[in-house]
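What follows is the residue order along each chain.
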Amino acid sequence: MSAATTSVPADARPVGRPLTANRLPKWAPAGVAVGSIALGCGIGLVADLESKLQWGLISAALFLLISYVLAAQVEGRRQAKDRFATSAVWVAFILAVIPLLALTVYTVQKGIGVVDGNFLTHSMMGVRSAGPGGGIYHALIGTLEQVLLATLMAAPIGLLTAVYLVEYGRGTLAKAVTFFVDVMTGVPSIVAGLFILSLWNIALGFNYSGFSGSLALAILMMPVVVRSTEEMLKLVPNELREASYALGVPKWKTILRIVLPTAIGGITTGVMLAVARITGETAPVMMLVFGAAYINNNPFDGPQQSLPMYIWQQYAVVNNDYGYARAWGAALVLIAFVMGLNLIARGIARWRSPKAGH
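Just so it is clear, the model here is predicted, and its values are computed rather than measured.

Colleague: So, the nonpolar core: which residues are in play, and what are the values?
Modeller: Ranked by size, the top nonpolar core spans 28 residues in total, and within it I196, M221, V271, V275, I278 and L288 carry the most contacts. Ranked by the residues each element gives to this core, the list is headed by helix α8 (residues 210-234), at nine residues. Beyond its immediate chain neighbours, meaning those up to four positions away, I278 contacts V147, A150, L217, L220 and M221. Core analysis: the second largest hydrophobic core is formed by 13 residues, F119, I136, I311 and A327 among them.

Take a look at the structure:
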């Protein structure tokens, strides 16, 4: 049969734009972004809009609109929808990153002039609140001790709870535990502080101390540890468990020797992120730790200072230029501390990843 007689009928040919249609150049998104920013700024100037946020939102809307229209004209509606979705993701990412970068830059500008050796190694004992000098040494000690105590309490309980839910949990009890963990995840920090204040300080008669604040911080930290550990344990392949059981290894030893070492990277990352989450809590510390201008190395006896409490006192109570400077310096140290914990968590996760061979 000849090639002419085997040709595809006209009504059987693909309808619409072929997949090998024209494509925009690689620099098109960047060019559209630059043009949208210029056009948005021009509209903001003409309309006399004082807020630069409005200029940015107009530029973002123009970027989405121009990207879709241009792609639809050149590449077709299918590819235009894909480009619109990609552009929307980029716009959302930029809108989320800009406030974080602005906050970080502003904090560095305000606090970098105060942070030095004297600021990190001295307390506020004997320092006039309306005068220069003073530091955050006592607040650093208090924060480290309170967070450490909270971690020592919350991490083992959260880990064991997650092991129960993943490896043993069945029936009504497991559902109840899961429900209460979800409820605790959304509990405001002020509620945890009030609970410990009512039970530990008022009902049992204990005084203000760093340990009291650690109890409230542990309540806030525990559900984060449970949820992150639970997800990491679920990622461990069941084949590893079954292979261990086939060799006659008991279940508890399988969990201890196989499951936990496999998920240890993700578990450690979750714990570090939970620590970063409670480090900046202020409400429980205000009610339970009470704050102090002197160095208190004993978290079980007497009021103790912490960085969040110190920032609030210097900014809201002292209320002068020296207090503002100390507050911004403490805020910079706190951000650096939390950022360091996140970097450590990422490093541990990468080191313990399967690709790293550990």
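There is more to say, and it comes next.
Colleague: Tell me about the packing of helix α6 (residues 171-185) against α8, residues and numbers included.
Modeller: Two elements in contact, α6 and α8, have axes whose closest approach is 9 Å; the angle formed by their N-to-C orientations is 125°. Compared by their axis directions, α6 and α8 come out oblique. Viewed along their axes, α6 and α8 form a crossing whose handedness is left-handed. Contacts between α6 and α8 involve T178, V181, D182, M184 and T185 from the former and I219, P223, V226 and R227 from the latter.

Colleague: Explain helix α7 (residues 189-203) to me, and be specific about the residues and the numbers.
Modeller: Between its first and last C-alpha atoms α7 spans 20 Å; for 15 residues at 1.5 Å apiece the expected length is 21 Å, and the two agree. Along α7, the sharpest change in direction is near 30° and occurs at L197. For α7, the complete set of buried residues consists of S189, A192, G193, I196, L197, W200 and N201. Once α7 ends, the next one or two residues include G205, with phi positive near 85°.

Analysis parameters
- Counting restarts for each chain: residues are numbered from 1 in the order of the written sequence.
- Restriction of local features to residues with pLDDT of at least 70 applies here, the model being predicted, together with a cutoff of 80 or more for giving and counting side-chain atom pairs; totals for whole chains, interfaces and linings are based on all residues.
- Just so you know, side-chain values use all the structure's heavy atoms and leave hydrogens and water out.
- Residues belong to a common nonpolar core when they are buried Ala, Val, Leu, Ile, Met, Phe, Trp, Tyr or Cys residues joined through side-chain atoms within 4.5 Å.
- Think of it in three bands: with a 1.4 Å probe and only protein chains considered, a residue is buried below 20% of the maximum accessible area for its type, exposed above 50%, and partly exposed in between.
- Helix and strand labels come from DSSP, where a helix needs a run of H or I of at least four residues and a strand needs a run of E of at least two; each type is numbered from the N terminus.
- Contacts between residues were defined by any pair of non-hydrogen atoms, one from each residue, lying within 4.5 Å.
- Only the stretch in contact is used when a helix axis is fitted, and all axes are lines through C-alpha atoms; the angle between N-to-C directions ranges over 0 to 180 degrees.
- Angles below 35 degrees are treated as roughly parallel, those above 145 as roughly antiparallel, those between 65 and 115 as roughly perpendicular, and all remaining angles as oblique.
- The hand of a helix crossing depends on one turn: near helix anticlockwise from the far one by less than a right angle means left-handed, and clockwise means right-handed.
- In this analysis, the expected span of each helix is defined as 1.5 Å times one less than the number of residues it contains.
- The angle between axes fitted to the seven-residue stretch ending at a residue and the seven-residue stretch beginning at it gives the bend at that residue.

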